[in-house]
Amino acid sequence: MTFSCNHSGDSRRERRKTEIRQLQYFIAVCEELHFTKASEKIGISQPTLSLQIKALEEELGMTLFDRAGKKIKMTDAGKLLLQHSAHALKDLQQAKASIEELRTEQRGSLRIGIALPELEEPLQEMLIHFHQSFPRVSLHIHPSLDVTEQLLDNRVDVGITLHSGTDERLVQLPLRTENYCLVVPVEHVFSNRPSITLDELRHVPWAMQSECHPGRKLIEKYFRDCGYPFATVLETNSLPSILRWVQDGLAVTLQTESLAAELDRSQFCTVPILCGVLQGQLELIYRSGRYQGEALKQLIEKIQAVLTVRSN
């Protein structure tokens, strides 16, 4: 009796493997719409592929491909099966990934793309706690002025940037609104002002991040839309360099209020800008439909917890 049960279990497993294999073969034919090309793609002979597809059609009792002429095309039944097959195989792949993650005890690496380098420091304490929770997962910080491109190329797993438009390939989670303000040295003529207008900033020398920086793009567009020039005397993504030029009275800068709140008040003053608030929407992004292991889920939640705090 014991032997019979094991044999029955083995048969079910073999049948399941056969069904999965048939679906993989079927999808290959759908992608190529050519039996020979599909067989070469998946590494089996064309007669074997044809027999597997025929067996699948017999089991379903429906023709999946119209084989009339040199080219084949999917029937309505074939189109319906393709839709469900893709979902079934995707679910299977995600299940395997979850099991592999459990088996390897959360090993691996996570890559975080950050478009605003000034955000690295506020995230440090969170990243330390994350590492303590997932000591076998290595973290890689990728400063990049185009996080979206890195994400779509699978060079990073999650990104933090300013919203620049909706992309259906991405999940875009709003974090917080970043208001920008003028930063000047304490002895500057604007240092004691409760606010300032754009017109008064028409000819000031700017020390700013490079033109590719998301915040810089936002600021330049804002000035351009309002009909005001924006000329820089220093462009660098090094915040200490920008602040040094400001401190020495060589330039002024526009930075987020959350960043400005961390500056030494004995060295710098911040001044709000009138004629509308200059602001950007900080967001966390990742590829839609991709598998999320427990480590990645936790990382996303922890980033949200840190960066959704309302800016000062």
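Now for a quick tour of the structure. Treat the numbers as computed from the prediction; the structure is a model and nothing was measured.

## Thoughts on the layout of surface pockets
Here the second largest pocket defines a volume of roughly 300 Å³. Lining the second largest pocket are 14 residues; nearest its centre among them are T161, L162, S164, P214 and K217. For the lining of the second largest pocket, the element with the most residues is helix 7 (residues 214-225), which contributes four residues. Of the residues belonging to the lining of the second largest pocket, the class tally is seven nonpolar, four polar and three charged.

## With respect to the packing of aromatic side chains
Here a ring pair, both rings aromatic, is described through the centre-centre distance and the interplanar angle of the planes. Considering all chains together, one arrives at seven aromatic pairs under this definition. Relative to F223, the ring of Y222 lies with its centre 6.3 Å away and its plane at 70°, an arrangement referred to as edge-to-face. Residue Y222 shares its accessibility class with F223, and that shared class is buried. Centroid distance F223 to F230: 5.0 Å. Interplanar angle 65°. Geometry classified as edge-to-face. Taken individually, F223 and F230 each receive the classification buried, so the pair is uniform in this respect. An aromatic cluster is defined as three or more aromatic residues linked by ring pairs; in this entry it consists of W206, Y222, F223 and F230.

## What to know about the nonpolar core
Ranked by internal contacts, the top residues of the largest apolar core, which has 52 residues, are I160, L182, L201, W206, L254 and L299. Of all hydrophobic cores here, the second largest spans 19 residues; its members include I20, A38, L56 and L81.

## What to know about the environment of K90
With respect to the secondary-structure elements, K90 resides in helix 4 (residues 76-103). Taking the C-alpha atoms as reference points, K90 and G289, separated by 199 residues in sequence, lie 9.5 Å from one another.

## Some points on the packing of helix 2 (residues 35-42) against helix 3 (residues 46-60)
Orientation of helix 2 relative to helix 3, taken along the N-to-C sense of each, is 105°, at an axis distance of 9 Å. Classified by the interaxial angle, the pair formed by helix 2 and helix 3 is roughly perpendicular. The residues of helix 3 that touch helix 2, namely those facing F35, T36, A38, S39 and I42, are Q46, L49, S50 and I53. Across the contact of helix 2 with helix 3, the residue classes break down as five nonpolar, four polar and no charged.

## Details of the side chain of T236
Locating T236 in the fold gives a position in the loop between strand 8 (232-235) and helix 8 (239-247). Within the structure, the side chain of T236 is placed 3.0 Å from the backbone nitrogen of S238, a separation counted as a polar contact. With sequence-adjacent residues up to four places away left out, T236 is seen in contact with M208, Q209, S210, S241 and I242.

## A short note on the pairing of strand 5 (residues 158-162)
Most of strand 5 is tucked away, with five of its five residues classed as buried. Alternating positions in strand 5 separate into two faces, V158, I160 and L162 on one and G159 and T161 on the other, with burial throughout. One ladder, built from three bridges, connects strand 3 (residues 108-114) with strand 5; its direction is parallel. Across the sheet, I114 pairs through a bridge with I160, a residue of strand 5. The pairing of strand 5 with strand 11 (residues 279-287) spans four bridges and is classified as antiparallel.

So, how was this worked out
- Numbers given to residues run from 1 along each chain, matching the order in which its sequence is written.
- The model is predicted, so local features are restricted to residues of pLDDT at least 70 and side-chain atom pairs to those at 80 or more, both for listing and for counting; the totals for chains, interfaces and linings are taken over all residues.
- Processing note: side-chain calculations cover all non-hydrogen atoms of the structure and skip hydrogens and water entirely.
- Put plainly, a pocket is an open set of points on a 1 Å grid over the protein atoms alone with protein on both sides within 12 Å along at least five of seven lines, a cavity is a set where a 1.4 Å probe fits but cannot get out, and a lining residue has an atom within 4 Å of a point.
- Grid points are joined across faces, edges and corners, and a volume is the space filled by probe spheres set on the points.
- Runs of H or I in DSSP of at least four residues are treated as helices and runs of E of at least two as strands, each being numbered from the N terminus.
- Polar here means any residue outside two lists: the nonpolar Ala, Val, Leu, Ile, Met, Phe, Trp, Tyr, Cys and Pro, and the charged Asp, Glu, Lys and Arg; Gly therefore counts as polar.
- The rule is short: rings of Phe, Tyr and Trp, with Trp giving its six-membered ring, pair when the centres are within 6.5 Å, and they are stacked under 30 degrees, edge-to-face over 60, tilted in between.
- Only protein chains enter the accessibility calculation, which uses a 1.4 Å probe; a residue whose area is less than 20% of its type maximum is buried, one above 50% is exposed, and one in between is partly exposed.
- What is meant by a nonpolar core is a set of buried Ala, Val, Leu, Ile, Met, Phe, Trp, Tyr and Cys residues, joined one to another through side-chain atoms within 4.5 Å.
- With axes taken as lines fitted to C-alpha atoms, and helix axes fitted only over the stretch in contact, angles between N-to-C directions fall between 0 and 180 degrees.
- Note on terminology: angles under 35 degrees are roughly parallel, angles over 145 are roughly antiparallel, angles of 65 to 115 are roughly perpendicular, and the others are oblique.
- Any two residues having at least one pair of non-hydrogen atoms within 4.5 Å are treated as being in contact.
- Under this definition, polar contacts are N or O atom pairs within 3.5 Å; protein pairs additionally need one hydrogen-donor-capable and one acceptor-capable atom, and for neighbouring residues in sequence, both atoms have to be side-chain atoms.
- Paired strands are those between which DSSP finds at least two bridges.

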